Structures are given as structure tokens and as C-alpha cells.
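Below, each chain spelled out in residue letters.
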Amino acid sequence: MRRRLTRALLLAALAGTGPAGAQERMSQVGPAMGPAASAANPAADSRGADPSATDRPSSGLPATDLRAAYAGPPHTWPAPWIDPGVAFVELVAAPPPSPRSEAAVLGGRLFRDRMLSADGTVACASCHDPAHGFSVPERVGRGMGGAAGRRNPPALFAVAARPRLDWDGGGGVLSARVLAPLTAADEMGNAGLAPVIARIAASTHGLDFTRLFGAESVSPRTLAAVLGAYLETLDTPTRFDRFMAGDRAALSDAEVSGLHLFRTRARCANCHFGPRLTDEGFHNLRLSFFGEPGQDLGRLNVTGDAEDAGRFRTASLRHVSESAPFMHNGLFPTLEGVVNLYDRGGGEVWARNAQEAARPLYREAARRSPHIRALGLTAGEKAALVAFLRAL
């Protein structure tokens, strides 16, 4: 019964919707997320314990005082709440994307061309829709024949600068990943790259390749080059970028309050910092649904290391509001639900019995990141944080 209720109650409790009393019932269904560990959940150890009141930076400054506190350059801002060992880099405006070269323009046309798939029904943009933050409004992407993918397609803003791609980091760098969807059975379904190259060469795109690359024309190398050139252009300035560039009126009072919370009491800046608003690391939020039909153990599938069970890559928050639903499995349809997740201290991992709870893999899947703690944010603080996220 626990397993059947887990996902529904988790969503209801975190999103603040669903049947009346869902949060209370959820606390009765499984172990709490505080420092006390349940016998069925031994991995809720002190590394995830809530901080004492003296550890919590105050966020209760009036709007005028916050405006003044964030009026100068970042080195004059209030100190962020950063855990020991975190290689924090202060928030900054993102660098401009690469200019639209001829190769990028050609890559953009191919990105939207369904000819790249074996049956001509799926384009790169089918799972990374430019009109939806380069993701899809569904929990997972769909390939040829409507085949459901395993995870929510990651947004592609500033993707060229990321050291590891995919939610589990298995995609490597962009140059190694860009052609992989063409031959994935659940994506574009080609038996190999040769049929794709032949179709492109026989199309009007072939002339553009010859003009750009001479006798080599269309090849795996040149196809990867033009698609990569296009992906390098995928970012646009945001209101937060304007704020960081000196336009302090670019953010409202509520958004400045959200910025302060982001850096202090909400603890977001432990994992989301620097120009891409990510530490490029992998963290366990207890969203692996261990032992359930929807189980996904994340980075473990790449490294084989038990300690990576349930860890997923930190998403970049640039343009985050454009690509709902959120998380690797598209679990949350709104940013409010995401904020509730972090405020509560992460998700849940259940054990059916003591034997399962004693398994090393279970213990690792249930061990939340030490950066995740129950926060106790007020409704107003949550609203301010969401407002700030929408400005990123």
C-alpha cells in the first residue's frame, strides 16, 4: 500500500494540491524528513539534519533595506549561506552566446527538420522545442511512433558550456552527444549515421554543406559541427542578467527578496551558482522512487558506484520557468511544487521491510544530499522565491 501511495501523496504534499489532508497523511505513510531517522529509513542520517535556529541567516529585512543591500556589486551583498566544501562562485550575468554563423543557421534548420529521423516524423525540436524552453510540456519526450523516453528532456540553454550532459552525466560533452539521438531506437531510430548523411546530401541542405565544407560536404563530423554551432547560440539575456549588469530596476521588490532568499535562507546557492546557475554536480533529492515501477537510480547507471544511486545532475536555472514540468522525471508541473520539495527537505525513499532497508543500495538511494534540509519557509517567502526564479 505504501508503494502505491508514494507518488500521489508526494505530489499532493509538495505541490500543495490534491485531497484535503494529503500532507498529514503523507507524514503518516512514511518516515519524516527531519533529523530523526525511522527504523525503516536508516539512511536519514545526521548529514541531512536540519540546522539549528542559530545557523539560519535572517531574511526578514524590509524591501527598502533589501534594495539597499543589493544595490552595489556582488562583493558588497549579504553573505550567502554556503556549506563547507562548496566551491561557490557568486551569481553573475551569463556571457553572451556565440553569434549566428552560417554553420549555426544551417544547424538550426536541421535541428527542426524531421528528415533526420528514420521515418521522417521526429526532429531534434520535437523533444527540445524552442517554444517551450527547449524541452517539452510533457513529463518525458517521445520518439518515433510516439515511443516514450525515460526522462524529461533537459533544456538546452547554455548547453555548449556544460562539461557533462544528460541527467546522469552519461552524455559527456556536447561534441560526443550531439549525434547520439539520431541512432537511438526510442528517439530518431536510424540504423546508423550513413542513411542520415545520405538523406541530407540528397536534400537542399547538401548544397549548403558543400559551400561550407567543400569536398567533405556532409559527413558525421560536419553534421556534428553545424548542430553544435547552433546549440552554442542557445541563450538570451534575462531580466536577471540586466540586474547583474547594473539595471537594479530590472527586478521587482518581490524578486529582490527572492534573490536574497535564494542566496541565504533557502540555500539554493549551494548548488545553483555562477554564470550557468549550476555547480555541474550530482545530488540525491530522494526522487529515485527506489523499488517502484518508476525507479531511476540516476548516475549509478553511468558509474556503477552505489554511492551514486539516486543522484542526478544539477539543472541550470537559466530560463527555468520556460520548461515545465521540472526534475529528471517531469514530476512537478509548477515551480511552486519544486520550491515545496526543497522547503520540505527533499522527497521520500521507502523500504518494504528491514531486509530491504539493510541493503547498501537502498541506503545510498535514501541518503539525501547534505545540502538538502527542511527550511520552514513562509508562504510569502516561497512566493518571493518563485518570483525570482521566473526572472532567471
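Residues numbered from 1 in each chain as written. Predicted model: local features only at pLDDT ≥ 70, side-chain atom pairs only at ≥ 80, totals over all residues. Heavy atoms only, no water.

**Quick notes on the pattern of salt bridges**
Next, step 1: In total, this model carries 26 salt bridges according to the counting rule given.
Next, step 2: The salt bridge involving R373 is made with D83; its shortest N-O contact spans 3.7 Å. With R373 in the loop between helix 16 (360-365) and helix 17 (379-391) and D83 in the loop between helix 3 (63-69) and helix 4 (102-111), the pair connects residues that are 290 residues apart, well separated along the chain.
Next, step 3: Accessibility expressed as a relative area gives 18% for R373, which makes it buried.
Next, step 4: Close ionic contact of D208 with R109 constitutes a salt bridge, the shortest N to O distance being 2.7 Å. (Salt bridge = Lys/Arg side-chain N within 4 Å of Asp/Glu carboxyl O. Helix = DSSP H or I, 4+ residues; strand = E, 2+ residues; numbered from the N terminus. Buried < 20%, exposed > 50% of the residue type's maximum accessible area, 1.4 Å probe, protein only.)

**A few points about helix 4**
The α-helix winds at 3.6 residues per turn, so residues separated by three or four positions along the chain end up facing the same way.
Next, step 1: Of all ten residues making up helix 4, seven are buried, and the element is well covered by its neighbours.
Next, step 2: Among the residues of helix 4, A103, A104, L106, G107, G108, L110 and F111 are the ones counted as buried.
Next, step 3: If you follow the buried residues of helix 4, they end up packed against helix 5 (124-127), helix 8 (193-202), helix 9 (205-213) and helix 10 (220-231). (Contact = heavy atoms within 4.5 Å.)

**With respect to the packing of aromatic side chains**
Next, step 1: Enumeration according to the criterion identifies nine aromatic pairs in this entry.
Next, step 2: With a centroid separation of 5.1 Å and 50° between ring planes, the pair formed by F111 and Y230 is classed as tilted. Pair noted here: F111 is in helix 4 and Y230 is in helix 10, with a separation of 119 residues, a long-range link. Y230 carries the same exposure label as F111, and that label is buried.
Next, step 3: On the basis of an interplanar angle of 65° and a centroid distance of 5.6 Å, the ring pair of F290 and Y362 is categorised as edge-to-face. Of this pair, F290 sits in the loop between strand 1 (282-284) and helix 13 (300-303) while Y362 is found in helix 16, placing the two residues 72 residues apart along the sequence. The same class applies to F290 and to Y362, which are both buried.
Next, step 4: Taken together, the aromatic side chains of F111, F134, F157 and Y230 make up a single cluster linked through ring pairs.
Next, step 5: Its end group placed over the ring of F243, R248 keeps NZ or CZ at 4.5 Å from the ring centre. (Phe/Tyr/Trp six-rings, centres within 6.5 Å; stacked < 30°, edge-to-face > 60°. Lys NZ or Arg CZ within 6 Å of the ring centre and 35° of its normal.)

**Examining the environment of H75**
Next, step 1: Within the fold, H75 resides in the loop between helix 3 and helix 4.
Next, step 2: C-alpha of H75 to C-alpha of E90: the two residues are 15 residues apart in sequence and 8.4 Å apart in space.

**Let's talk about the environment of R248**
Next, step 1: Positionally, R248 belongs in the loop between helix 11 (239-244) and helix 12 (253-263).
Next, step 2: On the basis of relative accessible area, R248 is assigned to the buried category, the value being 18%.
Next, step 3: Contacts of R248, omitting those with residues within four sequence positions, involve R67, Y70, A71, G72, P73, W77 and F243.

**Examining the layout of surface pockets**
Next, step 1: Counted as a void, the largest pocket has a volume near 890 Å³.
Next, step 2: Contributing to the lining of the largest pocket are 38 residues, with H128, P154, D166, R177 and E187 lying nearest its centre.
Next, step 3: When contributions to the lining of the largest pocket are tallied by element, the ones reaching two or more residues are helix 5, helix 6 (174-177), helix 7 (180-183) and helix 10. (1 Å grid on protein atoms, 1.4 Å probe; cavity = no way out; pocket = protein on both sides within 12 Å on 5 of 7 lines; lining within 4 Å. Points joined across faces, edges and corners; volume = space filled by probe spheres on them.)

**Topic: the confidence of the model for the protein**
Reading fine detail from the predicted coordinates is not recommended where pLDDT is low.
Next, step 1: For the protein, the mean per-residue pLDDT works out to 86, and 84% of the residues sit at or above 70.
Next, step 2: Considering only residues more than four positions removed or in separate chains, one finds that residues 16-55, a stretch of pLDDT under 50, has 69 contacts. (pLDDT = per-residue confidence, 0-100.)

**Comments concerning unusual backbone geometry**
Next, step 1: Note that the residue after A324, namely P325, is joined by a cis bond; omega there is 5°.
Next, step 2: Within the secondary structure, P325 is located in the loop between strand 2 (311-313) and helix 14 (335-344).
Next, step 3: Backbone geometry places L277, a non-glycine residue, at a positive phi of 55°.
Next, step 4: Note that L277 resides in the loop between helix 12 and strand 1.
Next, step 5: Under the relative-accessibility criterion, L277 is labelled buried at 3%.

**Examining the state of the cysteines**
Next, step 1: Applying the stated criterion to the full structure yields zero disulfides.
Next, step 2: Here C124 stays unpaired: no disulfide links it, and the sulfur of C127, its closest cysteine neighbor, is 9.1 Å away.
Next, step 3: Judged by its relative accessible area of 14%, C124 falls in the buried class.
Next, step 4: Left without a disulfide partner, C268 is nearest to the cysteine sulfur of C271, which lies 9.2 Å away. (Disulfide = S-S within 2.5 Å.)

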